[in-house]
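A structural walkthrough
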Amino acid sequence: MSLQGTAFITGASGGIGAAYAERLARRGYDLALVGRNRSRLNALAARISDETSRDVQVLAADLNDGKALASLESFLKQDVSLSMLVNGAGVGAAAPLLQSNAEKMEEMIKLNVGVLVRLTYAAAPGFVARGRGTIINISSSAAIGPEILNGVYGGTKAFVLAFSQSLRHEMEGKGVRVQAVLPGATLTDFWNVAGLPVYNLPSETIMPAGEMVDAALAGLDLGEFATIPSLPNIADWDAFEAARQKLLPNLSFALPAARYRRQQRKEQVSSHGGNSGKRPQ
């Protein structure tokens with residue numbers, strides 16, 4: 001068994017998940033690779049094993065299948081070597097709401113949100129019990145700019161960010177690290193599936209998957225909670241987070257804010273004035 005333990009990676013058939021598999025194996029992790037395409041997983045596992053001598057398990061599964069998901073949850077709960085969970089599986093969409101299929105949007109929510117939550121809940125108790133673990137959740141820059149792409153997709157990724165923020169707070173002092181990764185446009189099959197082939201995007205906005213993952217792992221090494229691989233100045237994120245923190249003490253009071261009370265009084269005065277001089281019939 002590796003001293004680093006085992007990294008459980010979803011979406012490992014290609015793209016971001018496969019890049020994580022390659023990099024984490026080089027860092028000394030054994031791997032458990034999850035994806036739908038068994039042949040691609042087997043090829044990736046064989047290559048990584050040959051190159052790194054790490055132990056690589058292939059867990060071919062459709063994460064939207066309830067029985068398959070339950071089996072993976074059992075694996076996460078029982079494997080005491082598990083030290084990292086990379087929630088990389090996800091699907092996207094680029095079409096506006098009025099041009100989207102509601103059933104497809106529901107499937108997206110199930111994978112991007114429901115599956116991620118279920119797998120996290122399966123892994124986290126073991127991490128806490130063993131006093132160590134890392135959870136990496138792949139969100140998106142659409143989490144803070146949901147108008148960029150399909151709104152449901154942006155909403156699912158905003159959930160991933162919010163869930164990760166809450167999880168980090170809950171895991172504090174328990175030996176468990178949480179990182180949210182918010183990539184911009186990344187060169188993967190995501191764009192074809194989303195209905196917007198990548199060649200439609202400006203080339204200067206598209207980051208290769210390997211470079212994106214290298215940046216994300218560098219962010220993890222730096223102790224970042226949120227890593228935005230393209231962001232030139234981390235101070236911009238710090239300012240964004242500081243503004244959010246400034247709001248928190250002022251989000252719940254017994255009375256509405258003064259501006260709403262003033263508006264209410266104006267409306268009451270206007271309403272009374274409009275009825276002056278009228279007698280009930």
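To keep things clear, this report deals only with the structure shown in the data block. What you see is a predicted model; the values in this text were computed from it and never measured.

Here we look at unusual backbone geometry
- Positive phi outside glycine occurs at Ser53, with the angle close to 65°.
- Structurally, Ser53 is set in the loop between α2 (38–52) and β3 (56–60).
- Classification of Ser53 by relative accessible area gives exposed; the value is 63%.

Points about the side chain of Ser2
- Note on placement: Ser2 falls in the segment before β1 (6–9).
- Under the relative-accessibility criterion, Ser2 is labelled buried at 6%.
- Among the polar contacts listed, one links the side chain of Ser2 to the backbone nitrogen of Gln4, at a separation of 3.0 Å.
- Not counting residues up to four positions away in its chain, the partners in contact with Ser2 are Gly28, Tyr29, Asp30 and Arg54.

Let's talk about the packing of aromatic side chains
- In this structure the tally under the stated criterion is 3 aromatic pairs.
- Centroid distance Phe8 to Phe75: 5.8 Å. Interplanar angle 40°. Geometry classified as tilted. Separated by 67 residues along the polypeptide, Phe8 in strand β1 and Phe75 in helix α3 (residues 66–78) bring together distant segments of the chain.
- The ring of Phe225 has Arg168 sitting right over it, with the charged end atom 4.2 Å from the ring centre.

Basis of the calculations
Residues numbered from 1 in each chain as written. Predicted model: local features only at pLDDT ≥ 70, side-chain atom pairs only at ≥ 80, totals over all residues. Heavy atoms only, no water. Helix = DSSP H or I, 4+ residues; strand = E, 2+ residues; numbered from the N terminus. Buried < 20%, exposed > 50% of the residue type's maximum accessible area, 1.4 Å probe, protein only. Polar contact = N/O pair within 3.5 Å; in protein donor to acceptor, adjacent residues only side chain to side chain. Contact = heavy atoms within 4.5 Å. Phe/Tyr/Trp six-rings, centres within 6.5 Å; stacked < 30°, edge-to-face > 60°. Lys NZ or Arg CZ within 6 Å of the ring centre and 35° of its normal.

Fair warning: the whole summary comes from geometry, so function is off the table for now.
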